Amino acid sequence: MSGQVGDLSPSQERALAQFRENVQDVLAVLPSTDDYFLLRWLRARSFDLKKSEDMLRKHVKFRKQQDLDNILTWQPSEVVRLYEPSGFCGHDREGSPVWYHIIRGLDLKGLLFSVSKQEILRFNFWSLELLLRDCEQQSQEVGVPGPLPAPWAAEIWPPPRQPPARGTCLPELLGSSQHLRVDTVRVTCLPRGRGGEGALRDGPVSLHLASWHETSTPGGTRISRAQPYLLWAAGGTGPPGVSPLSIPLQLGKKVEKISTVFDFEGLSLRHLWKPGVELVQEFFSALEANYPEILKNLIIVKAPKLFPVAFNLIKPYITEETRRKVVILGGNWKQELLKLISPDQLPMEFGGTMTDPDGNPKCLTKINYGGDVPQHYYLCNHVRVQYDHQATVGRGSSLQVDNEILFPGCVLRWQFASDGGDIGFGVFLKTKMGERQRAGEMTEVLASQRYNAHMVPEDGSLTCTEAGVYVLRFDNTYSMIHPKHISYTVEVLLPDQTSLEKIEKF
């Protein structure tokens, strides 16, 4: 059994009842107390009552720390509003809101130089709460039956055993099953007065369920309920004052999950900056701990060769269940997205037909595409970090740090600071194994130059195009008087093999 409402085994039903009893003392401070909400915590811990309770009680503390009950009244600072590249735009075919993330516009260093890490995290929690509020609104819109706007009534043909009354809502017409095979669906116009102004038509008007998924079958048309809107066919203009795409179809289901689309075009080494990656890791840890079971999928489009390395940095911070929801789309990603999101709910930039009121295909009123943060927002010029190693580079000497790279595609990442003056730094590839080589005997990968690391810490990274031993060389040979004390961290970032294999197939 899936552990969802309506699909519980007897043992799961007992666990739900016991779980509700165990957390009775905190129900009043939770955003919801229905079975849908409580089952999220049980599924996240495989229906282990103790682990689920511990998780929920920690979330209660988190809600208080973050003031989540009032977070929707919070206003992020200007720089975050303008340069945090994300946005909520439209709904997928099941009514779930879609959350977009535009990686090429993500300037994590600029953001962290301009605001605190806590504000960036809070912005994402604020976004999640907005999305969950939309889920609740969608559930109310699509889950509560109601009649079509007058003067319309609908009928299904051939008629059901008991003809529907005028004004019957579509879910009642089409039945409760998710798929229904019919020969014809038509809407009959019933003008309030004969002939008068605003009268539409006297006879049946064929209806295109254009926002629904339709498949022709020998016995008729199989209609999968998906998007809660419909379009008029040629010859049908809709009720007076009601435009196309404005009449909700009640889907009769709970919406509790979010779809996400990550546009990875423009992913580069700057996005692997260690403090920035640590911020993303912290967010995903908080997401898994406090918003379990809300992600329907993580759709990846335009993933470059560097994506497997970036994903491998995040993978330890998401559960196995979340990893299974990662969907990497290839060159036909626009066509694939349309299977999940109807055209009218998908921005034209992503292959749909949705635009801003002014016709902008990027839907800038809904999705922020970010960009480089202007330096006038900066409050500092570096982020304090903890270094793994310390060493002294004597006067007139150098220090070499070897890193063995076993296969191409790995990323070498470093951070360092100096004390006592500037320091030279470069990266070299050894031409002979097992012995120390002078700089002139090795292949230069990153040209050596002097850095004012005593004033501003330095960081960088490079993609290793071949296997071998890469040497990070700290150079103080130009100083015959002063030794330099350095603090540094060096890491080798490996690609995620599963996503690497997928990308290589595209």
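Predicted model only: the values in this text are computed from it and were never measured. (Residues numbered from 1 in each chain as written. Predicted model: local features only at pLDDT ≥ 70, side-chain atom pairs only at ≥ 80, totals over all residues. Heavy atoms only, no water.)

This next bit is on the packing of helix α9 (residues 307–314) against helix α12 (residues 497–505). The relative placement of two packed helices is expressed as an angle between their axes plus a distance between the axes. Where α9 contacts α12, the two axes come as close as 8 Å, and the packing angle between them is 155°. Compared by their axis directions, α9 and α12 come out roughly antiparallel. For the element pair α9 and α12, the recorded crossing hand is right-handed. Residue-level inspection shows F307, P308 and F311 of α9 in contact with α12, the latter providing S499, L500 and I503. In the contact of α9 with α12, the residues fall into 5 nonpolar, 1 polar and no charged. (Axes fitted to C-alpha atoms, helices over the stretch in contact; angles between N-to-C directions. Helix = DSSP H or I, 4+ residues; strand = E, 2+ residues; numbered from the N terminus. Parallel < 35°, antiparallel > 145°, perpendicular 65-115°, else oblique. Left-handed = near helix turned anticlockwise from the far one by under 90°. Contact = heavy atoms within 4.5 Å. Nonpolar A, V, L, I, M, F, W, Y, C, P; charged D, E, K, R; others polar.)

One open sheet holds the 5 strands; their spatial order is β1-β2-β10-β11-β12, and the pairing between them is mixed. Only two strands of the sheet have a single neighbouring strand rather than two, namely β1 (86–91) and β12 (326–328). Averaged over all adjacent pairs, the angle separating strand axes in this sheet is 25°, with direction ignored. Direction of pairing for strand β10 (residues 258–263) relative to strand β11 (residues 295–301): parallel, over a ladder of 6 bridges. Each bridged residue has a counterpart across the sheet, and for T260 the counterpart in β11 is L298. (Pairing = 2+ DSSP bridges.)

A contiguous patch of positive charge, built from R45, K51, K58 and K61, is present on the exposed surface. Among the secondary structure elements, K58 is positioned in helix α3 (residues 49–66). The exposure class assigned to K58 is exposed, which follows from its relative accessible area of 61%. (Patch = residues over 30% accessible without salt bridge, like charges linked within 9 Å, V, L, I, M, F, W, Y side chains within 5 Å. Areas by Shrake-Rupley, 256 points an atom, 1.4 Å probe, with all protein chains shown as cover. Salt bridge = Lys/Arg side-chain N within 4 Å of Asp/Glu carboxyl O. Lys, Arg positive; Asp, Glu negative; His and termini not counted. Charge placed at Lys NZ, Arg CZ, Asp CG, Glu CD. Buried < 20%, exposed > 50% of the residue type's maximum accessible area, 1.4 Å probe, protein only.)

Further remarks concern the confidence of the model for the chain. Across the chain, pLDDT averages 82, with 78% of residues at or above 70. This stretch, residues 142–251, has a pLDDT under 50; its non-local contacts, to residues over four places away or in other chains, come to 195 contacts. (pLDDT = per-residue confidence, 0-100.)

Attention now moves to empty space enclosed by the protein. A full pass over the atoms with the stated rule returns 4 cavities of 30 Å³ or more. Here the largest cavity defines a volume of roughly 620 Å³. Around the largest cavity, the lining is made up of 30 residues, and of these I103, L106, F262, V280 and F284 lie nearest the centre. Contributing elements (two or more residues each) for the lining of the largest cavity: β2 (97–102), α5 (108–114), α6 (117–143), α8 (274–290), β11 and α9. In terms of residue class, the lining of the largest cavity is made up of 26 nonpolar, 3 polar and 1 charged. By volume, the second largest cavity amounts to about 60 Å³. Lining of the second largest cavity is provided by W99, H101, T260, F262, F283, F284, L287, L295 and L298. For the lining of the second largest cavity, the secondary-structure elements that each account for two or more residues are β2, β10, α8 and β11. Here the lining of the second largest cavity is composed, by residue class, of 7 nonpolar, 2 polar and no charged. (1 Å grid on protein atoms, 1.4 Å probe; cavity = no way out; pocket = protein on both sides within 12 Å on 5 of 7 lines; lining within 4 Å. Points joined across faces, edges and corners; volume = space filled by probe spheres on them.)

Empty space left among the atoms is revealed by rolling a probe the size of a water molecule over them. Approximately 480 Å³ is the volume found for the largest pocket. Around the largest pocket, the lining comprises 23 residues; the ones closest to its centre are P31, E129, L132, R133 and E136. Every element with two or more residues in the lining of the largest pocket is listed here: α2 (35–44), α3 and α6. In terms of residues, the lining of the largest pocket owes the most to one element, α6, which gives 5 residues. Looking at side-chain class alone, the lining of the largest pocket contains 11 nonpolar, 3 polar and 9 charged residues.

Now for unusual backbone geometry. One non-glycine residue, D67, lies in positive phi territory at about 50°. Counting through the fold element by element, D67 comes out in the loop between α3 and α4 (78–83). When its relative accessible area of 35% is taken as the criterion, D67 is described as partly exposed. Here K302, not a glycine, exhibits a phi torsion of approximately 55°, which is positive. Mapping K302 onto the fold places it in the loop between β11 and α9. Relative accessible area serves as the criterion here: at 24%, K302 is assigned to the partly exposed category.

All right, on to the side chain of K484 then. Mapped onto the elements of the fold, K484 is located in strand β20 (residues 484–493). Its relative accessible area of 3% is what places K484 among the buried residues. In terms of polar contacts, K484 uses its side chain to reach the backbone carbonyl oxygen of D422, at 2.8 Å. At 3.0 Å, the side chain of K484 forms a polar contact with the side chain of N476. If we skip the residues at most four places from it in the chain, K484 touches A391, T392, V393, D419, G420, G421, D422, I423, N476, Y478 and S479. (Polar contact = N/O pair within 3.5 Å; in protein donor to acceptor, adjacent residues only side chain to side chain.)

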